[in-house]
Amino acid sequence: MGEVVEVVKTSLQVAKAREEAETPAISAPPFQLECPSMARSPLLDMGRPKTPKSPFASRLMMTPIASPMKKAITSMQGCLEEVGHFTKLDPQDAWLPITESRNGNAFYSAFHTLCSGIGVQALVLPLSFTALGWTWGILCLSVAFIWQMYTLWLLVQLHESESGARYSRYLRLSMAAFGEKRGKLFALLPTMYLSGGTCVTLIMIGGATMKIFFQTICGATCDVNPLTTLEWYVAFTCCSIVMAQLPNLNSIAGVSLIGAITAIGYCTLIWVVSISKRRPVGVSYHPLEAKSDIERLFSIFNALGIIGFAFRGHNLVLEIQGTMPSSVKRPSRVPMWRGVKFAYIIIAMCLFPIAIGGYWAYGNLIPNGGMLDALHKYHAHDTSRFLLGLTSLLVVVNSLSSFQIYAMPVFDNLELRYTSKMNKPCPWWLRSGIRAAFGCLAFFIAVALPFLPTLAGLIGGIALPITLAYPCFMWLLIKKPKKYSGVWYLNWVLGALGMVVSILVVTGAIWSIVTVGMEIHFFQPQ
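Asks: Would you take a moment to explain the overall build of the protein for this structure?
Replies: Within the protein, the regular secondary structure consists of 19 helices and zero strands. When burial is assessed residue by residue, the protein has 48% of its 526 residues classed as buried. Taking all contacts inside the protein whose residues are at least 6 apart in sequence as the whole, residues at least 24 apart take part in 85%.

Given below as structure tokens:
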């Protein structure tokens, strides 16, 4: 009997030893260990030599009790061999709103790309056809679409370097390619304008469209005193500040989905209603006559600028990709590019019909405000108030959603100042205060400078290289393709051509301001 008890005790001790061996306690270094099972793993080098095995360790691992330990060590060894080395991550990345959460996926990237890639700038695309005509208008729109898709692909590939660093912000990639000083000089102003300036413009558009929505639904016989334009700006800004309290870029994926659905909705609704109704009397498709050859030339430059501005969102591509996990086997560029391809198929299905259908419906009679103004000007009498109101409501919701994703880089940059100085994350009350302060500042600029959209061509032309030129130059500087190869020539030609287009657009905008003039009125939103 005593022998049986002794055997049972021995068996229990062996089982306990096996359980402890199966779950070994491994102390982590003070920095994070990067392996495929962890969420935040950049692409890392794989060229380190393997450590030779010890014969004593081999004999030890041949024992039955040590087999679970052998499995654990083998698994850990595979992880280390795959990764290649330990990587120190910047702890600030875990404190900032763009990279605070790295559980994004292809669906999230598609939502964010759609929300940032479609906007009210698409509604003015038919204006470019009034200067270019049918053939050149469609050709330029198609070339611009292919061009910006190529530069998007370049940015997605450049997000992860061979050394393991991840460039989750456009400014950091620019500094890595051009150097710290020149990178800031080239990219800081354009990216901040594309973020902050877009938010100011969205307050103007959203507030004015809320006013149109109220007038459409209420009707001419409504006894309610309407709000002023300033008060509608306040209403839109308050809604934007409340929605801006979502903590990070991944947390607004649902907001971006709503923004994408509403953008697709109003783009489709506007061009379908426009082509289904009778065209206005006197529609012509001949390019507008100019008083001189110079005026004709600069009108073409402005048309190219309109087409170039329709493809926005490149300043957010790296930020969106920065929300995804990455490893050697599953780099973030794979799901990111999958989501981008899907998103831009939808974007093409929105932009091309609204450009071609809008020009067919209104020709040279399309107003400067674009398709939304044309819809109310020519079809307010023969279109139901429900459709007109629904269109305005979709524009408002899309503007609120787009405000969130375009403001996120500004929030990230402001919080970076605090975390760099204090070496700790922002407390919740400071984060809320920063976002409320930014909303108030954007509102103040929208009220103080209501003529700012008139300067959009000038400032937007300065920011155009962010989309068309800089990605090509950064690819050449970082990837260093073989000199005089096809890829080398392609990127040099596209980069130089992008800079030339930017200069032409800026020149055309300046010419337009000088010849046509601009009405400057401070603190008088209309």
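Asks: Sorry, what's going on with a nonpolar patch on the surface here?
Replies: Residues Leu441, Phe444, Ile520, Phe522 and Phe523 make up a contiguous nonpolar surface patch of roughly 540 Å² in combined accessible area. Tracing the chain through its elements places Leu441 in helix 15 (residues 428-448). Judged by relative accessible area, which is 48%, Leu441 ranks as partly exposed.

Asks: Whenever I open this one, the packing of helix 16 (residues 456-463) against helix 19 (residues 486-516) confuses me. Can you help?
Replies: Two quantities define a packed helix pair, namely the angle between the helix axes and the distance between the axes. Interhelical geometry of helix 16 versus helix 19 gives an angle of 170° and a closest axis separation of 8 Å. Between helix 16 and helix 19, the interaxial angle falls into the category roughly antiparallel. Here helix 16 runs over helix 19; the crossing is left-handed. Taken together, the residues of helix 19 that come into contact with helix 16 (itself represented by Gly457, Leu458, Gly461 and Ile462) are Ser502, Val505, Val506, Ala509 and Ile510. Split by residue class, the contact of helix 16 with helix 19 holds six nonpolar, three polar and no charged.

Asks: Just checking my understanding: could you explain unusual backbone geometry for this structure?
Replies: Trans peptide bonds make up most of the peptide bonds, and negative phi angles are found at most residues other than glycine. Although it is not a glycine, Asn423 sits at a positive phi angle of roughly 60°. The exposed category is assigned to Asn423, whose relative accessible area is 57%. Although it is not a glycine, Lys480 sits at a positive phi angle of roughly 50°. By the secondary structure assignment, Lys480 is in the loop between helix 18 (470-479) and helix 19.

Rules behind the numbers
Residues numbered from 1 in each chain as written. Predicted model: local features only at pLDDT ≥ 70, side-chain atom pairs only at ≥ 80, totals over all residues. Heavy atoms only, no water. Helix = DSSP H or I, 4+ residues; strand = E, 2+ residues; numbered from the N terminus. Buried < 20%, exposed > 50% of the residue type's maximum accessible area, 1.4 Å probe, protein only. Contact = heavy atoms within 4.5 Å. Patch = residues over 30% accessible without salt bridge, like charges linked within 9 Å, V, L, I, M, F, W, Y side chains within 5 Å. Areas by Shrake-Rupley, 256 points an atom, 1.4 Å probe, with all protein chains shown as cover. Salt bridge = Lys/Arg side-chain N within 4 Å of Asp/Glu carboxyl O. Axes fitted to C-alpha atoms, helices over the stretch in contact; angles between N-to-C directions. Parallel < 35°, antiparallel > 145°, perpendicular 65-115°, else oblique. Left-handed = near helix turned anticlockwise from the far one by under 90°. Nonpolar A, V, L, I, M, F, W, Y, C, P; charged D, E, K, R; others polar.

The values reported here are purely geometric and, on their own, carry no functional implication.
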